Amino acid sequence: MSASVEDIESQLIIDAAQNDLMAYMLLLHSNARATRFTEALCYEIQRAIEGRCDRLMIEGPPRHGKSYTTSENAPAWFLGKFPKRKVILASHTDQLAIDFGTIVKRNMSNPVHGDVFGDEAMVSRTKAANHNFRTNDGGEFMALGVGGTPIGKGADAFVIDDP
């Protein structure tokens, strides 16, 4: 029995979202837009995630999607691709960090995220705080204000947004 055109299209979309941050964002958010700035930002974030650069500093005008891409979507995509890894996100206040964590958790709880990456990349129900949660495969996300202390915690990816 051959696959239908719809099945093939669905698989191509899922494959794109697994391998491309911008495609993931467009699939997850119906209101997302692929601007030149956001596309370039996603490209550079992927270079860092893939180990082609060991640090990335992002600067750009206000309201261009820097935090939306780097603090709200990239951690979810990273933990989708690597559900056993750990992410620490720091921001200038505890509340902003918690807000980012809430959005990352919402993205990772979205059924679309599960369709793209599988159940192991979904948020585990065992640790439910918005700013500190795990994937079903043991990965972890932690968000804290700059004054917070991740003592004893390591991470595979660090995001520092507006320190």
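Below or above, wherever it landed, is the structure these notes cover. Keep in mind the model is a prediction, meaning the values are calculated, not measured.

### What about the environment of D161?
Here's step 1: For D161, the location among the structural elements is in strand β5 (residues 157–161).
Here's step 2: Between the C-alpha atoms of D161 and S91, which are 70 residues apart in sequence, the distance is 4.9 Å.
Here's step 3: Contact partners of D161, with chain neighbours within four places excluded, come to S67, T70, S71, A90, S91, H92 and F100.
Here's step 4: Of note is the side chain of D161, whose polar atom sits 2.5 Å from the side chain of S71.

### Some words on the pattern of salt bridges
Here's step 1: As enumerated under the stated definition, the model contains five salt bridges in all.
Here's step 2: Taking the shortest distance from any N to any O, the salt bridge between K84 and D137 comes out at 3.7 Å. With K84 in the loop between α4 (66–81) and β1 (86–91) and D137 in the loop between β3 (132–135) and β4 (140–145), the pair connects residues that are 53 residues apart, well separated along the chain.
Here's step 3: When the shortest N-O distance is used, the salt bridge between E140 and R134 registers 3.4 Å.

### A word on the nonpolar core
Here's step 1: Ranked by internal contacts, the top residues of the largest apolar core, which has 30 residues, are L21, Y24, M108 and F141.
Here's step 2: Listed by contribution, the elements that provide at least two residues to this core are α2 (21–28), α3 (36–49), α4, β1, α5 (94–109), α6 (111–117), β4 and β5.
Here's step 3: Residue contacts for L21: discarding those within four places in its chain leaves C42, I45, Q46, T69, N73, A74 and W77.

### Brief notes about the pairing of β3
Within a regular beta strand, the side chains point alternately toward one face of the sheet and then the other, so they alternate between its two faces.
Here's step 1: Pairing between β3 and β4: three bridges, direction antiparallel. Within β4, the residue paired with N132 across the bridge is M142.
Here's step 2: Between β3 and β4, which pair antiparallel one after the other, the connecting turn spans four residues, and G138 there sits at a positive phi close to 95 degrees.

### Let's talk about the pairing of β5
Here's step 1: Only one face of β5 is covered, namely the one carrying A157, V159 and D161; the face carrying F158 and I160 has none of its residues buried.
Here's step 2: In this sheet, β5 lies alongside β1 in parallel orientation, the contact comprising five bridges. Within β5, the position partnered with L89 by the bridge is V159.

Calculation criteria
Residues numbered from 1 in each chain as written. Predicted model: local features only at pLDDT ≥ 70, side-chain atom pairs only at ≥ 80, totals over all residues. Heavy atoms only, no water. Helix = DSSP H or I, 4+ residues; strand = E, 2+ residues; numbered from the N terminus. Contact = heavy atoms within 4.5 Å. Polar contact = N/O pair within 3.5 Å; in protein donor to acceptor, adjacent residues only side chain to side chain. Salt bridge = Lys/Arg side-chain N within 4 Å of Asp/Glu carboxyl O. Core = buried A, V, L, I, M, F, W, Y, C linked by side-chain atoms within 4.5 Å. Buried < 20%, exposed > 50% of the residue type's maximum accessible area, 1.4 Å probe, protein only. Pairing = 2+ DSSP bridges.

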